[in-house]
Amino acid sequence: MIRLNLTQRIWISFALLILLIGLVLAIIFPLSIKKTMTDETYKIISLEQDKLMDQDKEVPDPDSSIDFIERRKLGRSVGHVVIKNDYLGTKGDYIPERVLGEMSSHAYKQKKSQQKYELTYGDATLFYIVKRLETHSQGNFYLISYMWDTYRDQMVDRLWTRLLWILFFTGMIAVIPALWMARYLRAPLTILGKRFEQIAKRNWKEPFIWHEDDEFQRLSQQFETMRQNLIRYDTAQKTFIQHASHELKTPVMTIKSYAQSVKDGIMPKNNVEDMMDVILSEANRMENRVKNMLYFTKLDTLKQQTLQWELIYFGVLAEEIISRFRFQRDDIEFTITGDEVLFWGDREQITIVFENFIQNAMRYANSRIVLSAKEEGSNIALGVWNDGEQLSDRDRETLFLPFRKGNKGQFGLGLAIVNRIAELHGGKPKVTNVDDGILFEVILPKDRLS
């Protein structure tokens, strides 16, 4: 396929448009003009015939000074002949016998007082009108007025020639708006192309807003949305790397320092076993952080995959989850409400949502944690409530962003993972301060997403 730039496409479209108009006119115009000029020819014949009838004679006496063939060269010249009784008493122009015979045949069969005809003689067309004349003393006569197609063809040729000149000059003049249109259409695309080049070089700080027309304005708005998303993604990526390196730096330094102490024979702890416990504890912390970071990044790829949808019975899921946390704090009472609720979701990911909610709640709860599910119109609200301290409005706005930790937070990824899972299910997370504690929820659509 031939590759064309925008200017070439505009010029080709312009040329094809002119060609199409020319072809349409070449087909329609001659036919239309030819019919119009044929009607005009009959009108001229009729007018000349009426003039001849105004001579106050019962049977007009036509002028025969011009030859039948000469009239063809004169264009608008109208000839006349009067016939009666099969050529008897013929007056007017001399007309060849074959032509006169055909005219007479039509005249004698004619039922109307006046009628139009045409015939072909040689390579030309002859138009004529037959008018029946009824006299009291001499019987019926027939006045035949004729005119060659010379005038019609001349007018068609002239009009066609003028039309071609009009098309030519119109095409030449149209070059100016075509040039302007090419520049007009290329202007925003050229600017947009420069913006793309800047983005390719990771320079996306300059906005692009086009206000002159709706189409390019929508295009610029889409570009601006893409630019802002890239900025947010780049910022999030840098933040993630910074926080990841910071989160891993502390346990690595601790493990390294204790390992060096063992090698040097220094005992920061009472014995080697206590030191090994510190090293293992820090290694476990680092392992958990790495797992959370990997899972957080994995959720981005899950957006392109199909969730393992299934109908989940909340009571059964809640009991399974509570059994994993029940003995981590003996002073906390776990309760389930709405255990009869059924909802659609990916069981593994919904489990991770509740695990993160409960881990977060156990750091702040005083004595109670409640797992709940309830229907809210076309949605299902899955929540974990605890009777711990409440959050400020500022903290609640940023709580589900990556690496945003509360005063007892660990890695700052748990609630960010909840946010990602909620988005994958077509829902959203929510946190609410209630009278006696704080409620973390995920609002999911009741129906399964297609």
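Residues numbered from 1 in each chain as written. Predicted model: local features only at pLDDT ≥ 70, side-chain atom pairs only at ≥ 80, totals over all residues. Heavy atoms only, no water.

## Quick word on the confidence of the model for the protein
Looking at the protein, the pLDDT average stands at 79 and 81% of residues meet or exceed 70. Confidence scores differ between elements of the protein, with strand S2 (residues 88-92) showing the lowest mean pLDDT of 67 and strand S10 (residues 379-386) the highest of 94. Confidence drops under pLDDT 50 across residues 407-411; counting only partners more than four residues distant or on other chains, this segment forms 16 contacts. (pLDDT = per-residue confidence, 0-100. Helix = DSSP H or I, 4+ residues; strand = E, 2+ residues; numbered from the N terminus. Contact = heavy atoms within 4.5 Å.)

## Considering helix H7 (residues 314-325)
Here H7 is 12 residues long and its end C-alpha atoms lie 17 Å apart, about the 16 Å a rise of 1.5 Å per residue gives. Within the sequence span of H7, burial applies to Phe 314, Gly 315, Leu 317, Ala 318, Ile 321, Ile 322 and Phe 325. Along H7, the residues classed as buried sweep out an arc of 160 degrees about the axis, all on the same side. Looking at the buried residues of H7, the elements they touch are strand S6 (309-313), strand S7 (333-337), strand S8 (342-346), helix H8 (347-364), strand S9 (368-376) and S10. (Expected span 1.5 Å × (residues − 1). Buried < 20%, exposed > 50% of the residue type's maximum accessible area, 1.4 Å probe, protein only. Arc of directions from axis to C-beta.)

## Some points on the UniProt feature "transmembrane region" (unreviewed entry) in the protein
What UniProt calls "transmembrane region" (unreviewed entry) maps, in this numbering, to residues 12-33 and 163-185. Taken as a whole, residues 163-185 contains 100% helix and 0% strand, while its terminal C-alpha atoms sit 31 Å from one another. (UniProt positions renumbered as here; feature names shortened; annotations may be inferred.)

## Comments concerning the sheet that holds S7
Spatial strand order, S7-S9-S10-S12-S11: 5 strands in an open sheet with mixed pairing. If you trace the sheet from one side to the other, it starts and ends with S7 and strand S11 (428-434), each paired once. Neighbour-to-neighbour, the strand axes of the sheet open up by a mean angle of 20 degrees, direction not taken into account. With respect to the sheet, H8 is in contact with S7, S9, S10 and strand S12 (437-445), its orientation differing from that of S10 by roughly 25 degrees. (Pairing = 2+ DSSP bridges. Axes fitted to C-alpha atoms, helices over the stretch in contact; angles between N-to-C directions.)

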